[in-house]
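# Summary of structural features
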Amino acid sequence: MLRTTGGVRITEEDPAGTPDPAPWIFEAPQAGPAPGPPATGEPAGDGRLPDAVLFDRDGTLIVDVPYNGDPRRVRPLPGAGEATALLRSLGVPTGVVSNQSGVARGLLTRRQVVAVRDRVDRLLGPFPVWAVCPHGPDDGCPCRKPAPGLVLAACARLGARPSRTVVIGDIGGDMAAARAAGAEGVLVPTAATLPDEIAAAPRTAPDLMTAVRLALTALPPDGAA
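Residues numbered from 1 in each chain as written. Predicted model: local features only at pLDDT ≥ 70, side-chain atom pairs only at ≥ 80, totals over all residues. Heavy atoms only, no water.

### Remarks on the environment of Phe 55
For the record, the criterion: The secondary structure listing takes helices from DSSP runs of H or I that are at least 4 residues long and strands from runs of E that are at least 2 residues long, numbered from the N terminus. Contacts were defined at the residue level, with two residues in contact if any of their heavy atoms lie within 4.5 Å.
Looking at where Phe 55 falls in the secondary structure, it is placed in strand β4 (residues 52-55). Aside from chain neighbours lying at most four places away, what touches Phe 55 is Thr 60, Leu 61, Thr 84, Leu 87, Thr 94, Gly 95, Val 96, Val 97, Phe 127, Ile 168, Leu 208 and Val 212.

Printed below as a string of structure tokens:
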């Protein structure tokens with residue numbers, strides 16, 4: 001079930017309180033340039049730009065505060081504003097794909113998830129689409145990363161081809177979700193990233209801006225064999 005609040009389209013639970021098995025989708029139109037200085041000297045559109053770049057939330061765009069439902073605790077990671085502004089300056093659509101099992105665990109409400117999303121959008125956005133998995137690890141849903149559902153849902157909303165989409169995240173589940181969806185992945189390791197996840201990543205970057213620059217050149221020219 002869906003409803004619209006403040007121009008944002010989000011999923012509902014049914015009247016009986018059974019969680020929707022699909023991801024929660026939050027949509028909003030882009031509303032002008034993102035915060036941060038304008039980008040200069042960046043790659044021109046040569047058919048290599050991705051259809052979309054999707055970001056993990058916690059540990060990638062913002063400091064990871066476990067099960068955070070308080071927008072006052074949202075802190076962007078260094079370079080996040082500049083990195084997202086660069087993509088927008090080049091006309092590359094962006095989105096967020098985020099597991100939020102705190103909902104299934106009873107630690108978060110949808111209202112809290114929306115409040116944190118709104119705060120991130122004010123600081124780093126707007127992101128035209130958010131795809132959020134509210135399920136737990138044992139729920140068997142098709143959207144929780146490393147499953148591809150969040151990536152595929154975000155691509156569908158953006159009109160992006162998964163094969164020309166890049167997912168940026170900080171753990172192996174982000175890379176596995178990208179791979180399962182047929183997308184490319186760039187890993188930005190943190191203290192939470194396991195050595196095996198770093199070794200298995202298709203690409204790694206030391207910071208978010210470097211990851212975005214890799215995303216802009218990760219794909220072959222569109223239409224190339």
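### Re the packing of aromatic side chains
Each aromatic ring pair is summarised here by two numbers: the centre-to-centre distance and the angle between the ring planes. Quick reminder of the rule: Any two of the Phe, Tyr and Trp rings considered here, Trp counted by its six-membered ring, make a pair once their centres fall within 6.5 Å; the pair's planes then place it as stacked at under 30 degrees, edge-to-face at over 60, or tilted in between. Exposure classes here rest on a 1.4 Å probe applied to the protein chains alone. A residue is buried below 20% of its type maximum, exposed above 50%, and partly exposed in between.
All chains considered together, the criterion is met by 2 aromatic pairs. The interplanar angle of 70° and the centroid separation of 6.3 Å between the aromatic rings of Phe 55 and Phe 127 together place this pair among those described as edge-to-face. One end of the pair, Phe 55, is in strand β4; the other, Phe 127, is in the loop between α2 (110-124) and β6 (129-133), with 72 residues separating them in the sequence. Judged by relative accessible area, which is 0%, Phe 55 ranks as buried. Centroid distance Phe 127 to Trp 130: 6.2 Å. Interplanar angle 85°. Geometry classified as edge-to-face. Each member of the pair, Phe 127 together with Trp 130, is buried. Every member of this aromatic cluster is reached through a ring pair, and the members are Phe 55, Phe 127 and Trp 130.

### Description of the side chain of Asp 51
Applied cut-off: The definition of a polar contact used here is a pair of N or O atoms within 3.5 Å, where within protein one atom must be able to donate a hydrogen and the other to accept one, and adjacent residues in sequence count solely through side-chain atom pairs.
Relative to the helices and strands, Asp 51 resides in the loop between β3 (24-27) and β4. A distance of 2.8 Å separates polar atoms of two side chains, one belonging to Asp 51 and the other to Arg 161. Contact partners of Asp 51, with chain neighbours within four places excluded, come to Pro 93, Ala 160, Arg 161, Arg 164 and Thr 165.

### Comments concerning the packing of helix α1 (residues 80-89) against helix α6 (residues 208-217)
Put simply, the test is: Working convention: axes come from line fits to C-alpha atoms, limited for helices to the stretch in contact. Angles between N-to-C directions cover 0 to 180 degrees. Oblique is the label for any angle not covered by the other classes, which are roughly parallel (under 35 degrees), roughly antiparallel (over 145) and roughly perpendicular (65 to 115). Working rule for handedness: look at the near helix, and if it is turned counterclockwise from the far one by less than a right angle, call the crossing left-handed; if clockwise, right-handed. By the convention adopted, Pro, Cys, Tyr, Trp, Phe, Met, Ile, Leu, Val and Ala count as nonpolar, Lys, Arg, Asp and Glu as charged, and the other residues, Gly among them, as polar.
Axis separation between α1 and α6 bottoms out at 8 Å; the angle between their running directions is 20°. By the angle between their directions, the pair α1 and α6 is classed as roughly parallel. As α1 packs across α6, the resulting crossing turns out to be right-handed. Where α1 approaches α6, its residues Ala 80, Glu 82, Ala 83, Leu 86 and Leu 87 are matched on the opposing element by Leu 208, Met 209, Val 212 and Leu 216. In terms of residue class, the contact of α1 with α6 is made up of 8 nonpolar, no polar and 1 charged.

### A few points about the environment of Ile 171
On the secondary structure map, Ile 171 appears in the loop between β7 (165-169) and α4 (172-181). In the structure, Ile 171 is positioned 23 residues away from Leu 194 in sequence and 7.5 Å away in space, judged by C-alpha atoms. Beyond its immediate stretch of four places on either side in the chain, Ile 171 contacts Leu 187, Ala 192 and Glu 197.

### Details of the confidence of the model for the protein chain
To keep it simple, the criterion reads: pLDDT gives the predictor's per-residue confidence on a scale running from 0 to 100.
Mean pLDDT over the protein chain works out to 87, with 82% of the residues at or above the 70 mark. Here residues 1-18 is a poorly scored stretch, pLDDT under 50, and it has 40 contacts once near neighbours within four places are set aside; other chains count. Note on residues 30-45: pLDDT under 50 across the span, and 23 contacts to partners over four residues away in sequence or across chains.

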